[in-house]
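Here's the letter readout for the chains.
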Amino acid sequence: MERNIIETAMRILGIETSCDDTGISIYDDKAGILANHLYSQVKTHSDYGGIVPELASRDHIRKTIPLIQAALKEAKLTGQDLDGVAYTAGPGLVGSLLVGASIGKSLAFAWDLPAIPVHHMEGHLLAPMLEDNSPHFPCVALLVSGGHTQLIAVTSIGRYQLLGESLDDAAGESFDKIAQLLGLGYPGGAMLSKIAQQGKKGRFFFPRPMIDRPDLNFSFSGLKTFAANTIRDHQADNQTRADIALAFEEAVVDTLTIKCKRALEQTGFKYLIIAGGVADNLQLRTNLAVMMENRGGKAFFPRSEFCTDNGAMIAYAGMVRLKHGINLNLIISVRPRWPLEDLPKL
Ligand code: KG4
Ligand code: ZN
(Lines give C-alpha, C1' and ligand atoms only; values in the text may rest on other atoms or scores of the structure.)
(Ligands and ions follow the chains in the order given, each with its own letter.)
Protein backbone atom coordinates (compact mmCIF):
# COMPACT_ATOMS: atom_id res chain seq x y z
CA MET A 1 0.00 0.00 0.00
CA GLU A 2 1.42 3.44 -0.94
CA ARG A 3 1.61 5.89 1.93
CA ASN A 4 2.11 9.65 1.89
CA ILE A 5 5.56 10.56 3.13
CA ILE A 6 5.60 13.38 5.70
CA GLU A 7 8.12 16.01 4.57
CA THR A 8 8.06 18.38 7.57
CA ALA A 9 10.95 18.59 10.08
CA MET A 10 10.83 16.11 12.94
CA ARG A 11 12.34 15.71 16.38
CA ILE A 12 12.28 12.21 17.85
CA LEU A 13 13.20 10.79 21.26
CA GLY A 14 14.91 7.39 20.85
CA ILE A 15 14.94 4.75 23.60
CA GLU A 16 17.19 1.69 23.31
CA THR A 17 16.90 -0.99 26.00
CA SER A 18 17.14 -4.26 24.05
CA CYS A 19 20.15 -5.69 25.86
CA ASP A 20 22.58 -4.29 28.45
CA ASP A 21 22.90 -0.65 27.36
CA THR A 22 20.37 2.05 28.15
CA GLY A 23 20.66 4.46 25.20
CA ILE A 24 18.65 7.68 25.04
CA SER A 25 18.91 10.25 22.28
CA ILE A 26 17.01 13.12 20.70
CA TYR A 27 17.36 13.41 16.92
CA ASP A 28 16.22 16.39 14.89
CA ASP A 29 16.28 15.88 11.14
CA LYS A 30 17.39 19.50 10.55
CA ALA A 31 19.81 20.02 13.47
CA GLY A 32 21.01 16.41 13.93
CA ILE A 33 21.63 14.82 17.32
CA LEU A 34 20.55 17.20 20.10
CA ALA A 35 21.41 14.87 23.00
CA ASN A 36 22.87 11.40 23.32
CA HIS A 37 23.21 9.52 26.61
CA LEU A 38 24.33 5.99 27.31
CA TYR A 39 24.47 3.93 30.46
CA SER A 40 26.42 0.70 30.06
CA GLN A 41 25.67 -2.19 32.43
CA VAL A 42 29.04 -3.86 31.81
CA LYS A 43 30.02 -3.67 35.51
CA THR A 44 26.73 -5.26 36.58
CA HIS A 45 27.23 -8.33 34.38
CA SER A 46 31.01 -8.76 34.21
CA ASP A 47 31.17 -10.89 37.38
CA TYR A 48 28.81 -13.39 35.74
CA GLY A 49 30.71 -13.62 32.42
CA GLY A 50 27.56 -12.76 30.46
CA ILE A 51 24.32 -10.83 30.63
CA VAL A 52 21.90 -11.76 33.41
CA PRO A 53 18.52 -10.81 31.88
CA GLU A 54 16.79 -10.16 35.21
CA LEU A 55 19.52 -7.74 36.34
CA ALA A 56 19.51 -6.06 32.92
CA SER A 57 15.81 -5.19 33.04
CA ARG A 58 16.12 -3.89 36.61
CA ASP A 59 18.97 -1.59 35.61
CA HIS A 60 16.94 -0.31 32.63
CA ILE A 61 14.11 0.52 35.04
CA ARG A 62 16.54 2.55 37.17
CA LYS A 63 18.23 4.40 34.32
CA THR A 64 15.76 5.01 31.48
CA ILE A 65 13.71 7.87 32.95
CA PRO A 66 16.68 9.77 34.50
CA LEU A 67 18.50 9.56 31.15
CA ILE A 68 15.43 10.85 29.28
CA GLN A 69 15.23 13.75 31.74
CA ALA A 70 18.94 14.47 31.23
CA ALA A 71 18.57 14.36 27.44
CA LEU A 72 15.60 16.75 27.45
CA LYS A 73 17.48 19.10 29.78
CA GLU A 74 20.60 19.05 27.61
CA ALA A 75 18.56 19.77 24.48
CA LYS A 76 16.55 22.44 26.38
CA LEU A 77 13.30 20.78 25.34
CA THR A 78 10.15 19.39 26.92
CA GLY A 79 8.01 16.52 25.71
CA GLN A 80 5.79 19.09 23.94
CA ASP A 81 8.67 19.97 21.60
CA LEU A 82 8.92 16.41 20.26
CA ASP A 83 7.14 14.79 17.30
CA GLY A 84 7.39 11.16 18.40
CA VAL A 85 8.86 8.63 20.81
CA ALA A 86 10.75 5.71 19.23
CA TYR A 87 11.64 2.64 21.26
CA THR A 88 13.29 -0.69 20.44
CA ALA A 89 10.54 -3.30 20.18
CA GLY A 90 12.83 -6.23 19.29
CA PRO A 91 14.78 -8.36 18.76
CA GLY A 92 16.37 -8.56 22.21
CA LEU A 93 15.81 -9.68 25.80
CA VAL A 94 12.11 -9.66 26.49
CA GLY A 95 12.33 -8.07 29.99
CA SER A 96 14.69 -5.34 28.78
CA LEU A 97 12.56 -4.64 25.72
CA LEU A 98 9.44 -4.35 27.85
CA VAL A 99 11.01 -1.60 30.00
CA GLY A 100 11.78 0.64 26.99
CA ALA A 101 8.48 -0.18 25.32
CA SER A 102 6.39 0.57 28.43
CA ILE A 103 8.19 3.84 29.15
CA GLY A 104 8.18 4.90 25.49
CA LYS A 105 4.49 4.16 25.00
CA SER A 106 3.50 5.79 28.30
CA LEU A 107 5.42 8.99 27.57
CA ALA A 108 4.02 9.15 24.06
CA PHE A 109 0.50 8.75 25.47
CA ALA A 110 1.08 11.43 28.14
CA TRP A 111 2.60 13.85 25.61
CA ASP A 112 -0.01 13.01 22.96
CA LEU A 113 2.64 11.87 20.47
CA PRO A 114 2.98 8.83 18.23
CA ALA A 115 4.91 5.91 19.79
CA ILE A 116 7.11 4.22 17.18
CA PRO A 117 8.26 0.58 17.63
CA VAL A 118 11.70 0.16 16.06
CA HIS A 119 13.53 -2.97 14.90
CA HIS A 120 16.92 -3.03 16.65
CA MET A 121 18.77 -4.30 13.57
CA GLU A 122 17.16 -1.66 11.33
CA GLY A 123 18.51 0.82 13.89
CA HIS A 124 22.04 -0.60 13.44
CA LEU A 125 21.63 -0.75 9.66
CA LEU A 126 20.62 2.92 9.48
CA ALA A 127 23.24 4.18 11.98
CA PRO A 128 25.62 5.23 9.14
CA MET A 129 22.84 7.65 8.04
CA LEU A 130 23.76 9.71 11.13
CA GLU A 131 27.12 10.56 9.52
CA ASP A 132 27.83 13.42 7.07
CA ASN A 133 29.05 10.90 4.53
CA SER A 134 25.91 8.77 4.52
CA PRO A 135 25.36 5.57 2.49
CA HIS A 136 24.14 5.26 -1.07
CA PHE A 137 21.56 2.67 -2.11
CA PRO A 138 21.25 -0.05 -3.28
CA CYS A 139 23.90 -1.63 -1.09
CA VAL A 140 24.85 -4.73 0.83
CA ALA A 141 24.73 -4.40 4.63
CA LEU A 142 26.89 -6.50 6.93
CA LEU A 143 25.27 -6.46 10.37
CA VAL A 144 27.66 -7.81 12.98
CA SER A 145 26.70 -7.57 16.63
CA GLY A 146 26.68 -9.69 19.77
CA GLY A 147 23.51 -11.50 18.65
CA HIS A 148 23.52 -11.26 14.84
CA THR A 149 25.75 -11.82 11.83
CA GLN A 150 23.76 -11.06 8.71
CA LEU A 151 24.24 -10.01 5.11
CA ILE A 152 21.31 -8.00 3.79
CA ALA A 153 20.53 -6.67 0.32
CA VAL A 154 19.20 -3.15 0.85
CA THR A 155 17.48 -1.78 -2.24
CA SER A 156 16.38 1.36 -0.36
CA ILE A 157 15.71 2.31 3.26
CA GLY A 158 13.07 -0.12 4.51
CA ARG A 159 13.53 -2.73 1.75
CA TYR A 160 15.63 -5.57 3.07
CA GLN A 161 16.37 -9.07 1.80
CA LEU A 162 18.35 -11.51 3.92
CA LEU A 163 21.22 -12.96 1.85
CA GLY A 164 22.90 -15.00 4.58
CA GLU A 165 23.42 -15.25 8.31
CA SER A 166 25.26 -17.18 10.99
CA LEU A 167 24.02 -20.71 11.46
CA ASP A 168 25.35 -20.75 15.05
CA ASP A 169 27.29 -18.13 17.04
CA ALA A 170 27.22 -14.48 16.03
CA ALA A 171 30.61 -12.87 15.27
CA GLY A 172 30.46 -10.70 18.41
CA GLU A 173 29.45 -13.67 20.54
CA SER A 174 32.49 -15.67 19.34
CA PHE A 175 34.78 -12.67 19.99
CA ASP A 176 33.36 -12.54 23.51
CA LYS A 177 33.80 -16.27 24.15
CA ILE A 178 37.45 -16.33 23.01
CA ALA A 179 38.15 -13.11 24.92
CA GLN A 180 36.80 -14.77 28.02
CA LEU A 181 39.05 -17.82 27.54
CA LEU A 182 41.96 -15.40 27.18
CA GLY A 183 41.00 -13.88 30.53
CA LEU A 184 39.93 -10.52 29.08
CA GLY A 185 36.58 -10.17 30.87
CA TYR A 186 33.12 -9.63 29.37
CA PRO A 187 32.26 -8.41 26.77
CA GLY A 188 35.80 -8.78 25.50
CA GLY A 189 35.58 -8.15 21.73
CA ALA A 190 37.21 -4.72 21.90
CA MET A 191 39.84 -5.92 24.40
CA LEU A 192 40.71 -8.95 22.24
CA SER A 193 41.23 -6.60 19.32
CA LYS A 194 43.45 -4.39 21.47
CA ILE A 195 45.80 -7.17 22.56
CA ALA A 196 45.86 -8.54 18.98
CA GLN A 197 47.81 -5.41 18.03
CA GLN A 198 50.80 -6.87 19.96
CA GLY A 199 50.42 -10.28 18.26
CA LYS A 200 53.06 -11.81 15.96
CA LYS A 201 51.70 -12.47 12.49
CA GLY A 202 52.05 -16.04 11.23
CA ARG A 203 52.62 -17.84 14.54
CA PHE A 204 49.09 -19.30 14.46
CA PHE A 205 46.74 -19.79 11.53
CA PHE A 206 43.05 -20.46 12.22
CA PRO A 207 40.50 -21.82 9.69
CA ARG A 208 38.21 -19.50 7.71
CA PRO A 209 34.85 -21.28 8.13
CA MET A 210 32.37 -21.85 5.27
CA ILE A 211 34.40 -20.00 2.62
CA ASP A 212 34.36 -23.01 0.29
CA ARG A 213 30.57 -22.93 0.15
CA PRO A 214 28.94 -20.66 -2.43
CA ASP A 215 26.18 -19.50 -0.07
CA LEU A 216 26.40 -16.41 2.12
CA ASN A 217 25.90 -18.06 5.51
CA PHE A 218 28.42 -18.05 8.34
CA SER A 219 29.40 -20.46 11.09
CA PHE A 220 31.78 -19.49 13.87
CA SER A 221 31.44 -22.38 16.32
CA GLY A 222 34.17 -24.53 14.66
CA LEU A 223 36.59 -21.61 14.63
CA LYS A 224 35.73 -20.93 18.26
CA THR A 225 36.52 -24.56 19.20
CA PHE A 226 39.78 -24.41 17.22
CA ALA A 227 40.80 -21.23 19.09
CA ALA A 228 39.72 -22.71 22.45
CA ASN A 229 41.87 -25.83 21.81
CA THR A 230 44.84 -23.65 20.86
CA ILE A 231 44.46 -21.68 24.11
CA ARG A 232 44.26 -24.93 26.09
CA ASP A 233 47.39 -26.38 24.44
CA HIS A 234 49.66 -23.37 24.96
CA GLN A 235 51.23 -21.38 27.77
CA ALA A 236 49.13 -18.44 28.88
CA ASP A 237 51.95 -15.86 28.61
CA ASN A 238 51.07 -12.41 27.28
CA GLN A 239 52.77 -12.87 23.91
CA THR A 240 50.98 -16.17 23.23
CA ARG A 241 47.63 -14.66 24.20
CA ALA A 242 48.26 -11.75 21.82
CA ASP A 243 49.33 -14.12 19.02
CA ILE A 244 46.15 -16.20 19.47
CA ALA A 245 44.00 -13.06 19.60
CA LEU A 246 45.55 -11.87 16.33
CA ALA A 247 45.05 -15.23 14.58
CA PHE A 248 41.42 -15.34 15.73
CA GLU A 249 40.70 -11.77 14.68
CA GLU A 250 42.32 -12.36 11.28
CA ALA A 251 40.17 -15.46 10.72
CA VAL A 252 36.91 -13.68 11.58
CA VAL A 253 37.78 -10.55 9.59
CA ASP A 254 38.90 -12.57 6.54
CA THR A 255 35.75 -14.70 6.63
CA LEU A 256 33.49 -11.64 6.86
CA THR A 257 35.42 -9.91 4.06
CA ILE A 258 35.22 -12.93 1.71
CA LYS A 259 31.46 -13.25 2.24
CA CYS A 260 30.90 -9.50 1.76
CA LYS A 261 32.81 -9.66 -1.52
CA ARG A 262 30.67 -12.59 -2.63
CA ALA A 263 27.46 -10.76 -1.68
CA LEU A 264 28.58 -7.73 -3.72
CA GLU A 265 29.38 -9.98 -6.70
CA GLN A 266 26.00 -11.74 -6.47
CA THR A 267 23.96 -8.54 -6.15
CA GLY A 268 26.10 -6.34 -8.39
CA PHE A 269 25.86 -3.55 -5.77
CA LYS A 270 28.71 -1.06 -5.38
CA TYR A 271 28.20 0.05 -1.79
CA LEU A 272 28.59 -1.66 1.55
CA ILE A 273 27.26 -0.75 4.99
CA ILE A 274 28.99 -2.26 8.03
CA ALA A 275 27.15 -1.80 11.32
CA GLY A 276 26.65 -3.31 14.79
CA GLY A 277 29.14 -3.62 17.67
CA VAL A 278 31.75 -5.62 15.72
CA ALA A 279 31.80 -2.86 13.05
CA ASP A 280 33.89 -0.96 15.62
CA ASN A 281 36.72 -3.44 14.95
CA LEU A 282 39.53 -1.49 13.30
CA GLN A 283 40.88 -4.46 11.36
CA LEU A 284 37.45 -5.19 9.89
CA ARG A 285 36.87 -1.53 9.00
CA THR A 286 40.28 -1.26 7.31
CA ASN A 287 39.94 -4.55 5.38
CA LEU A 288 36.48 -3.73 4.09
CA ALA A 289 37.34 -0.13 3.22
CA VAL A 290 40.36 -1.32 1.18
CA MET A 291 38.33 -4.08 -0.47
CA MET A 292 35.62 -1.58 -1.50
CA GLU A 293 38.17 0.89 -2.80
CA ASN A 294 39.79 -1.84 -4.92
CA ARG A 295 36.35 -2.67 -6.35
CA GLY A 296 35.65 0.98 -7.21
CA GLY A 297 32.89 1.13 -4.58
CA LYS A 298 32.65 2.49 -1.08
CA ALA A 299 32.18 1.25 2.49
CA PHE A 300 30.06 3.16 5.00
CA PHE A 301 30.38 2.79 8.78
CA PRO A 302 28.86 4.58 11.76
CA ARG A 303 31.28 6.41 14.07
CA SER A 304 32.56 4.24 16.90
CA GLU A 305 29.91 5.19 19.51
CA PHE A 306 27.09 4.39 17.06
CA CYS A 307 28.43 0.92 16.18
CA THR A 308 27.49 -0.45 19.59
CA ASP A 309 23.95 -0.05 20.95
CA ASN A 310 22.74 3.55 21.24
CA GLY A 311 19.59 5.66 21.29
CA ALA A 312 20.48 7.81 18.26
CA MET A 313 20.06 4.96 15.78
CA ILE A 314 16.66 4.15 17.28
CA ALA A 315 15.55 7.80 17.08
CA TYR A 316 16.70 7.93 13.45
CA ALA A 317 15.01 4.66 12.40
CA GLY A 318 11.88 5.79 14.27
CA MET A 319 11.84 9.06 12.35
CA VAL A 320 12.08 7.22 9.02
CA ARG A 321 9.20 4.91 9.98
CA LEU A 322 7.08 7.82 11.26
CA LYS A 323 7.63 9.80 8.06
CA HIS A 324 6.26 6.85 6.09
CA GLY A 325 3.30 6.38 8.44
CA ILE A 326 3.04 3.59 10.98
CA ASN A 327 0.18 1.74 12.56
CA LEU A 328 -0.42 3.35 15.94
CA ASN A 329 -2.05 1.51 18.80
CA LEU A 330 -1.88 1.42 22.57
CA ILE A 331 -0.83 -2.20 22.90
CA ILE A 332 2.61 -2.63 24.45
CA SER A 333 4.14 -5.54 22.58
CA VAL A 334 7.72 -6.54 21.91
CA ARG A 335 9.29 -9.27 19.76
CA PRO A 336 12.34 -11.02 21.24
CA ARG A 337 12.78 -12.73 17.84
CA TRP A 338 12.01 -10.64 14.79
CA PRO A 339 13.31 -11.27 11.22
CA LEU A 340 14.32 -7.98 9.57
CA GLU A 341 12.49 -9.08 6.41
CA ASP A 342 9.16 -9.06 8.32
CA LEU A 343 9.24 -5.25 8.57
CA PRO A 344 6.61 -3.44 6.47
CA LYS A 345 8.29 -2.29 3.23
CA LEU A 346 8.65 1.49 2.93
O1 KG4 B 1 25.62 -4.10 18.69
P2 KG4 B 1 26.11 -4.40 20.06
O3 KG4 B 1 26.49 -3.25 20.95
O4 KG4 B 1 25.07 -5.23 20.88
C5 KG4 B 1 24.23 -6.17 20.30
O6 KG4 B 1 23.21 -5.77 19.69
O7 KG4 B 1 24.61 -7.36 20.39
O8 KG4 B 1 27.37 -5.39 19.88
C9 KG4 B 1 28.12 -5.84 20.96
C10 KG4 B 1 29.16 -6.81 20.44
C11 KG4 B 1 29.87 -7.55 21.57
O12 KG4 B 1 29.92 -8.92 21.25
C13 KG4 B 1 31.26 -6.92 21.56
O14 KG4 B 1 32.28 -7.77 22.04
C15 KG4 B 1 31.44 -6.63 20.08
O16 KG4 B 1 30.19 -6.13 19.69
N17 KG4 B 1 32.49 -5.64 19.85
C18 KG4 B 1 33.64 -5.90 19.18
C19 KG4 B 1 34.40 -4.71 19.19
N20 KG4 B 1 33.67 -3.75 19.87
C21 KG4 B 1 32.52 -4.35 20.25
N22 KG4 B 1 34.09 -7.03 18.61
C23 KG4 B 1 35.29 -6.98 18.00
N24 KG4 B 1 36.07 -5.88 17.97
C25 KG4 B 1 35.67 -4.73 18.53
N26 KG4 B 1 36.46 -3.64 18.49
ZN1 ZN C 1 22.87 -4.08 18.92
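An unreviewed UniProt entry lists the protein chain under the name tRNA N6-adenosine threonylcarbamoyltransferase, with Candidatus Profftia tarda as the source organism. Under the heading Subcellular location (unreviewed entry), UniProt records this for the protein chain: "Cytoplasm". Regarding the protein chain, the relevant UniProt record gives this comment under Catalytic activity (unreviewed entry): "L-threonylcarbamoyladenylate + adenosine(37) in tRNA = N(6)-L-threonylcarbamoyladenosine(37) in tRNA + AMP + H(+)".

A. Structural detail: the overall build of the protein chain. Helices and strands together make up the secondary structure of the protein chain, namely 10 helices and 10 strands. Rg of the C-alpha trace for the protein chain: 20 Å, near the compact-globule value of 20 Å for 346 residues, within the 12% margin. Dimensions of the protein chain along its principal axes, counting C-alpha atoms only, are 60 × 45 × 30 Å. When each of the 346 residues of the protein chain is scored for burial, the buried share is 53%. Residue pairs in contact within the protein chain that sit at least 24 positions apart in sequence constitute 74% of those at least 6 positions apart. Per element, the accessible surface of the protein chain, about 15300 Å² overall, is 52% carbon and sulfur.

B. Layout of the packing of helix α5 (residues 171-181) against helix α7 (residues 221-233). Axis separation between α5 and α7 bottoms out at 10 Å; the angle between their running directions is 10 degrees. As summarised for this structure, α5 and α7 are arranged roughly parallel, according to the angle between their axes. The residues of α7 that touch α5, namely those facing Ser174, Lys177, Ile178 and Leu181, are Lys224, Ala227, Ala228 and Ile231. Grouping the amino acids of the contact of α5 with α7 by side-chain chemistry returns five nonpolar, one polar and two charged.

C. The UniProt feature "binding site: Fe cation" (unreviewed entry) in the protein chain, seen in detail. Cross-referencing UniProt, the feature "binding site: Fe cation" (unreviewed entry) maps to His120, His124 and Asp309 in the present numbering. Spatially, the listed residues are clustered: although they cover 190 residues, their C-alpha atoms lie within 8.8 Å of one another. The topology assignment puts His120 in helix α4 (residues 120-126). When its relative accessible area of 6% is taken as the criterion, His120 is described as buried. Ignoring sequence-local partners within four residues, the contact set of His120 consists of Glu16, Ser18, Thr88, Gly90, Pro91, Asp309, Met313 and Ile314. Of the polar contacts made by the side chain of His120, one reaches the side chain of Ser18; its length is 3.3 Å.

D. Molecular detail of the sheet that holds strand β10 (residues 298-300). The sheet built from five strands is open, its strands ordered β8-β7-β6-β9-β10 with mixed pairing. In this open sheet, the two strands that pair with only one neighbour each are β8 (159-165) and β10. Looking at each pair of strands side by side, their axes are set apart by 25 degrees on average, direction ignored. Judged from the four bridges that link them, strand β6 (residues 139-144) and strand β9 (residues 271-275) form a sheet pairing that is parallel. Bridging from a neighbouring strand, Leu142 pairs with Ile274 of β9. Of the strands in this sheet, β6, β7 (149-156), β8 and β9 are in contact with helix α8 (residues 238-267), which crosses β6 at around 155 degrees.

E. Representation of the pairing of β8 within the structure. Pairing between β7 and β8: six bridges, direction antiparallel. Along β8, the bridge assignment pairs Ser156 with Arg159. Connecting β7 to the antiparallel partner β8 that follows it, the hairpin turn spans two residues, and Gly158 within it adopts a positive phi of roughly 95 degrees.

F. Main features of the site of ligand 1. In the region of ligand 1, 17 residues are neighbours, and Gly146, Asp176, Gly277, Asn281 and Asp309 sit closest. One nitrogen or oxygen atom from the side chain of His120 is found 3.2 Å from an oxygen atom belonging to ligand 1. In this structure, an oxygen atom belonging to ligand 1 sits 2.6 Å away from a side-chain N or O atom of Asp176. For ligand 1, whose accessible area on its own is 550 Å², the fraction buried by protein is 88%. Secondary structure elements with two or more residues in the shell around ligand 1: α4, α5 and α6 (189-196). Here the shell around ligand 1 gets three residues from one element, more than from any other, and that element is α5.

Basis of the calculations
- Residues numbered from 1 in each chain as written.
- Chains lettered and ligands numbered in written order.
- Predicted model: local features only at pLDDT ≥ 70, side-chain atom pairs only at ≥ 80, totals over all residues.
- Heavy atoms only, no water.
- UniProt positions renumbered as here; feature names shortened; annotations may be inferred.
- Helix = DSSP H or I, 4+ residues; strand = E, 2+ residues; numbered from the N terminus.
- Rg over C-alpha atoms; globule rule 2.2 N^0.38 Å.
- Buried < 20%, exposed > 50% of the residue type's maximum accessible area, 1.4 Å probe, protein only.
- Contact = heavy atoms within 4.5 Å.
- Areas by Shrake-Rupley, 256 points an atom, 1.4 Å probe, with all protein chains shown as cover.
- Axes fitted to C-alpha atoms, helices over the stretch in contact; angles between N-to-C directions.
- Parallel < 35°, antiparallel > 145°, perpendicular 65-115°, else oblique.
- Nonpolar A, V, L, I, M, F, W, Y, C, P; charged D, E, K, R; others polar.
- Polar contact = N/O pair within 3.5 Å; in protein donor to acceptor, adjacent residues only side chain to side chain.
- Pairing = 2+ DSSP bridges.
- Near = heavy atom within 4 Å.

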